[in-house]
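As a plain string of letters, each chain reads:
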Amino acid sequence: MVFQVVPVAEITKPFFLVRWLIILKAHNFFLVAIPLFVTFTKNWIDTTVMDPFVGFISALGAIFLHSSINLRNDFMDHLIGLDRVHPQSGNRAIQKGWVTANTIQKLSVSMMLLGIFLGFPELMIYREFLIVTCLACILGYFGMISFNSGLKLRKWTEWFSFLLLGPLLTIGFQGAMGSCIVTGK
């Protein structure tokens, strides 16, 4: 691995808020925001929003989980040297000295735990969504431990991401607002 030693004073960093929006990959939040917005809008129009507070904290939990996955991806890319092989990929925040790999790893774990914690009220109130949650957890756990390099460059990564950010997120959010799963009847 090749490193360039640079005095801390020479590291140029964007403004604090801009730097963290880049590190958290805020430009990808639409992957979570669109299913949440569409589900909320549909339930608002149908007047089936029963529990907006649980819906709000569940949406916040989904955003924290999404951020956690992005941070873990950056950490793993740095750890296995993928950023060295592909110097134009990612936000390169670790390589630019904006943040340490240790900070990224700790923040990823913290955001994951916070996202899980924010999802508990839905499970305590609406136990029928436990199956969806368990499926998402199994997929997430499998993705975190099954490969040394995570899900990078795996053919099924697109399906895994689709399931977590599409149907499972939408079904879970539908339940978080207190609405039943619509079957088309």
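Residues numbered from 1 in each chain as written. Predicted model: local features only at pLDDT ≥ 70, side-chain atom pairs only at ≥ 80, totals over all residues. Heavy atoms only, no water.

(A) How the structure looks around helix α3 (residues 52-80). Spanning 29 residues, α3 covers 42 Å between terminal C-alpha atoms, matching the ideal 42 Å at 1.5 Å per step. Positive backbone phi, at 85°, marks Gly81, one or two positions downstream of α3. (Helix = DSSP H or I, 4+ residues; strand = E, 2+ residues; numbered from the N terminus. Expected span 1.5 Å × (residues − 1).)

(B) Local environment of the pattern of salt bridges. Applying the stated rule across the entire model yields two salt bridges. One salt bridge connects Lys25 with Asp74, and the closest N-O pair in it is separated by 2.9 Å. Here Lys25, found in the loop between α1 (16-23) and α2 (30-45), pairs with Asp74, found in helix α3; they are 49 residues apart in sequence, far enough to count as distant. Residues Lys25 and Asp74 agree in their burial class; the two are buried. (Salt bridge = Lys/Arg side-chain N within 4 Å of Asp/Glu carboxyl O. Buried < 20%, exposed > 50% of the residue type's maximum accessible area, 1.4 Å probe, protein only.)

(C) Spatial organisation of the packing of α3 against helix α5 (residues 101-125). Between α3 and α5, the least distance of the axes is 7 Å, while the angle of their chain directions is 155°. Regarding the angle of α3 to α5, the classification is roughly antiparallel. Crossing handedness for the pair α3 and α5: left-handed. Of the residues assigned to the contact of α3 with α5, the class counts are 17 nonpolar, eight polar and two charged. (Axes fitted to C-alpha atoms, helices over the stretch in contact; angles between N-to-C directions. Parallel < 35°, antiparallel > 145°, perpendicular 65-115°, else oblique. Left-handed = near helix turned anticlockwise from the far one by under 90°. Nonpolar A, V, L, I, M, F, W, Y, C, P; charged D, E, K, R; others polar.)

(D) Broad picture of α2. Taking 1.5 Å of rise per residue, 16 residues should cover 22 Å, and α2 covers 21 Å from first to last C-alpha, within 8% of that figure. Among all positions of α2, only Val32, Pro35, Leu36, Thr39 and Asn43 are buried. Each buried residue of α2 lies within a common arc of 95° when the element is viewed along its axis, so the set occupies one face. In α2, the exposed positions angled more than 90 degrees off the buried face are occupied by Phe37, Trp44 and Ile45. (Arc of directions from axis to C-beta.)

(E) Quick peek at unusual backbone geometry. A positive phi angle is found at Lys25, which is not glycine, with a value near 55°. A relative accessible area of 10% means that Lys25 is categorised as buried. Unusually for a residue other than glycine, Thr47 sits at a positive phi of about 50°. Take Thr47: its relative accessible area is 64%, and that puts it in the exposed class.

(F) View of the confidence of the model for the protein chain. Confidence in the prediction for the protein chain averages 76 pLDDT; 75% of positions are at 70 or higher. Helix α4 (residues 82-85) is the least confidently modelled element of the protein chain, averaging 66 in pLDDT, while α5 averages 87, the highest of any element. (pLDDT = per-residue confidence, 0-100.)

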